[in-house]
Amino acid sequence: MEIAVISGKGGTGKSSIAAAFATLNEEVVVADCDVDAANLYLLFNPTHEEEIAYISGNKAIIDYHLCTNCGICESYCRFDAIKFIDKKVFISEISCDGCFLCSRICPEKAITMVQNDRSRMYSGSFRNGKMVYGRLSPGEENSGKLVNLVREKAKEVAKENNLGTIILDGPPGIGCPVISTITGVDKVVIVTEPTISGLHDMQRTIEIVQKFNLPANIIINKYDLNSSMSKQIEEWCDQNEIAIVGQLPFDKLVTEAMIQSKSITEINPDHEMSKNIKAIWNKMLDQKK
Amino acid sequence: MIKIAIASGKGGTGKTLVATNIFHTLVKKEIDTVLVDCDAEAPNAVAFFNTNLNRAVEVTQLVPVIDTNACTFCGKCHEYCNYNAIFFLPPMKIINVMEDLCHGCGACSIACKDEAITEKPVSLGVVNLYSNNGKPSLVEARMNIGVMSPVPVIKAAIKQSIDMTGIVILDSPPGTSCPFIQTVASADYVILVTEPTPFGFSDLQQSIETLKKINKPFGVIINRAGIGNNTVRDWLQENNISLLMEIPFKNEIARRYSIGELVSAEDLFFAEQLNTVVENIITQNGNSGH
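Computed from a prediction, not measured in an experiment: that's the story for all the values here. (Residues numbered from 1 in each chain as written. Chains lettered and ligands numbered in written order. Predicted model: local features only at pLDDT ≥ 70, side-chain atom pairs only at ≥ 80, totals over all residues.)

**Points about the overall build of chain B**
Phase 1: A count of helices and strands for chain B gives ten helices and eleven strands.
Phase 2: Here the C-alpha coordinates of chain B stretch approximately 70 × 45 × 35 Å along the principal axes.
Phase 3: Out of the 290 residues belonging to chain B, those deemed buried represent 52%. (Helix = DSSP H or I, 4+ residues; strand = E, 2+ residues; numbered from the N terminus. Buried ≥ 20, exposed ≤ 12 C-beta atoms within 10 Å, placed from the backbone.)

Written out as structure tokens, the structure reads:
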């Protein structure tokens, strides 16, 4: 069973909740799909049994010995990546999309494509099982492909080790990496917070989740920071027949756990918060698909 | 005039809190200011203001349309496409465009020698242009759900702000990948917002590493100071990175933000602090920029 924890809005508490879910179990596979800002490894300090380079795309590079500054490449580039600076053709690494077109049309064959190979995927063990995570090199395209790779690896590791549960910690937003995180999973948990931004982003996230015919399970985190806003989220969910599986208070325990590199349920299993998270997890397991 | 991007590696650290309150503070001081919400996947800044929508500019991308009557199934377009967006089965004479994978580079049109490929625009999102108290000053990038990358919509939003006068505040998307780089690349200065927690610290270091690579001047605001520990503050000091401001963790700030209210409207000390941050940035980084 694959369970994805996502949010739309960043900083709602996805990773802390995913970590708590993971450590409630004897043994699981945890996959950190937030490859742009991976954080779970900070709590779990996993071993690196395997490291795989990931090619995130290509970049065009000009050989100025061959370039005649004819400008043909500039006229064909649709990503505004090629410009004349001081009468010299210049390719912006930031804007280049790696489509190869300039390298194909250059009459002087002055443009070559190089692979972006600085991103990595790691696979290893932590105290509650196996962990797979990706780290996208800064500035590279988060197309969701690295997320797919992380998920495939997680499934492979689960099979090899006979582990039935995979917990996915998702990225924020509603783009490709999120879609890659939830495609084909069994359950989705959306963590939101009682703010206008939290509500808006949750609504956009639910739209995505529903496109995949998955039921959305909502957790309102830090609900007591604004109870009336939490009510508003509850009402909206009621009207739209979206299940709220739990509400968690704002508690210092979350940051304290993080500082000690532990999950909420590890640092204090008897705390109200931990009991709540356990109840949410059990509720999720009891659900019919 | 100067362009200041408000960014953070980690989501939810308070980018929008800082961006909206800086904008509000400067406008109140009658300083020409424009706010551009570049978080196209989850835009939220506009909700904090009384606005009028002046114009919605559609952002499109071209995707190929293959005329199978003219197509000779040579496979050249399939070969040119680096995004695997052209599905090609030569023996079956099947050729299809998978629009979701297309980046609109136009390589297939160039590849085709049989004039079988034309292009049509598809929508990626909109750039909404709003007035705040009668002045056109808010730009919002909003990506359609299901679109591959927010970058084209972000670029279009930043372009819209070029002709506007005043200090430009860019509310950046989280992370350090393409959408973040696109946003900060056009800025003269970057304010990184973080929180004093291990997650915040780790993502801050990644953002700083990225900004150093592209030679962008930056400073840091620690939000929710008081939760967590002192690691971020100590680290900034050790590394001579300027700490622009600390925003204490207060239930009142969280409550106001949660209902779409501006903290700087009531908390004049907070407003003055933000104003000083911006004044210092302008003094130190000049008024020229772009």
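The structure having been displayed, the exposition proceeds.
**Brief notes about unusual backbone geometry**
All names here are of chain A.
Phase 1: Despite not being glycine, Asn69 shows a phi value in the positive range, around 55 degrees.
Phase 2: Along the chain, the position of Asn69 falls in the loop between strand 4 (57-62) and helix 3 (72-76).
Phase 3: Of note, the phi angle at Glu241 is positive, near 55 degrees, even though the residue is not glycine.
Phase 4: Topologically, Glu241 is positioned in the loop between helix 8 (227-239) and strand 13 (243-248).
Phase 5: Glu241 sits in the exposed class, given 8 other C-beta atoms within 10 Å.

**A word on the domain arrangement of chain B**
Where the parts come together, the accessible area they lose is often given as the size of the interface.
Phase 1: Along its sequence, chain B is carved into domain 1 (3-50 + 133-285) and domain 2 (60-123).
Phase 2: On a C-alpha basis, the centroid separation for the pair domain 1 of chain B and domain 2 of chain B is 40 Å. (Domains from an automatic or database assignment.)

**Quick notes on the pairing of strand 5 (residues 82-85) of chain A**
All names here are of chain A.
Phase 1: Relative to strand 6 (residues 88-91), strand 5 runs antiparallel, the two being bridged by four bridges. Paired with Ile85 across the bridge in strand 6 is Lys88.
Phase 2: Between strand 5 and strand 6, which pair antiparallel and follow one another directly, the connecting turn spans two residues, one of which, Asp86, has a positive phi of 50 degrees. (Pairing = 2+ DSSP bridges.)

**Concerning the interface of chain B and chain A**
Phase 1: Of the residues lining the interface, 48 residues belong to chain B; the matching set on chain A comes to 46 residues.
Phase 2: Those elements that place two or more of their residues in the side of chain B that touches chain A are helix 3 (107-111), helix 5 (178-185), helix 6 (198-213) and helix 8 (251-258) of chain B. (Contact = placed C-beta atoms within 7 Å.)

**What about the domain arrangement of chain A?**
Phase 1: Taken domain by domain, chain A holds domain 1 (2-55 + 120-286) and domain 2 (58-116).
Phase 2: Here domain 1 of chain A and domain 2 of chain A have C-alpha centroids that lie 40 Å from each other.

**What about the sheet that holds strand 10 (residues 166-169) of chain A?**
Pairing between the strands of a sheet comes from backbone hydrogen bonds, and it takes one of two forms, parallel or antiparallel.
Residue and element names in this part refer to chain A.
Phase 1: The strand order across the open sheet built from nine strands is 3-8-9-2-10-1-11-12-13, with neighbouring strands paired in mixed fashion. The outermost strands of the open sheet, each flanked by one partner alone, are strand 3 (50-54) and strand 13. Averaged over all pairs of adjacent strands, the angle between their axes in this sheet comes to 20 degrees, without regard to strand direction.
Phase 2: With four bridges joining them, strand 2 (residues 28-32) and strand 10 adopt parallel strand pairing. Paired with Val29 across the strands is Ile166, a residue of strand 10.
Phase 3: On the sheet, helix 1 (residues 14-24) packs against strand 1 (2-6), strand 2, strand 10, strand 11 (187-192) and strand 12 (216-221) and is oriented at approximately 170 degrees with respect to strand 10.
Phase 4: Those strands touched by helix 5 (residues 145-160) are strand 2, strand 3, strand 8 (119-126), strand 9 (129-135) and strand 10, and its axis lies near 165 degrees from that of strand 9. (Axes fitted to C-alpha atoms, helices over the stretch in contact; angles between N-to-C directions.)

**Some thoughts on helix 6 of chain B**
All names here are of chain B.
Phase 1: Between the first and last C-alpha of helix 6 there are 23 Å, a value that for 16 residues agrees with the 22 Å anticipated at 1.5 Å per step.
Phase 2: Looking at helix 6, one finds that the buried residues are Pro198, Phe199, Gly200, Phe201, Asp203, Leu204, Gln206, Ser207, Ile208, Thr210 and Leu211.
Phase 3: Phi turns positive one or two residues past the end of helix 6, at Asn215, with a value near 55 degrees. (Expected span 1.5 Å × (residues − 1).)

**What about the sheet that holds strand 11 (residues 243-248) of chain B?**
All names here are of chain B.
Phase 1: Taken together, nine strands build an open sheet; the order of strands is 3-6-7-2-8-1-9-10-11 and the sheet is mixed. Strands with a single pairing partner mark the edges of an open sheet, and in this sheet they are strand 3 (51-66) and strand 11. For this sheet, the mean inter-axis angle between neighbouring strands, taken without regard to orientation, is 20 degrees.
Phase 2: Relative to strand 8 (residues 167-171), strand 1 (residues 3-7) is paired through four bridges, and the arrangement is parallel.

**Remarks on the environment of Ile259 of chain B**
Phase 1: Here Ile259 of chain B shows up in the loop between helix 8 and helix 9 (263-266).
Phase 2: Note: C-alpha distance between Ile259 of chain B and Ile4 of chain B (255 residues apart in sequence) is 26 Å.
Phase 3: In contact with Ile259 of chain B, other than residues within four places in its own chain, are Ile196, Asn226 and Met229 of chain A.

**Looking at helix 8 of chain B**
Phase 1: Residues Ala254, Arg256, Tyr257 and Ser258 of chain B constitute the buried set of helix 8 of chain B.
Phase 2: Positive phi shows up at Gly260 of chain B, right after helix 8 of chain B, with a value of about 75 degrees.

**With respect to the packing of helix 1 of chain A against helix 11 (residues 272-286) of chain A**
All names here are of chain A.
Phase 1: Packing of helix 1 against helix 11 brings their axes to within 10 Å, and their N-to-C directions diverge by 75 degrees. As judged from the angle between their axes, helix 1 and helix 11 are roughly perpendicular. Side by side, helix 1 and helix 11 meet where Ile17, Ala20, Phe21 and Leu24 of the first sit next to Ile277, Lys278 and Trp281 of the second.
Phase 2: Here the contact of helix 1 with helix 11 is composed, by residue class, of six nonpolar, no polar and one charged. (Parallel < 35°, antiparallel > 145°, perpendicular 65-115°, else oblique. Nonpolar A, V, L, I, M, F, W, Y, C, P; charged D, E, K, R; others polar.)

**Side note on the environment of Asp171 of chain B**
Residues and elements named next belong to chain B.
Phase 1: Relative to the elements of secondary structure, Asp171 occurs in strand 8.
Phase 2: For the pair Asp171 and Asn52, spaced 119 residues apart in sequence, the C-alpha separation works out to 20 Å.
Phase 3: Excluding residues within four positions of it along the chain, Asp171 makes contact with Ile6, Lys15, Thr16, Ala19, Leu35, Val36, Asp37, Cys38, Asp39 and Ala45.

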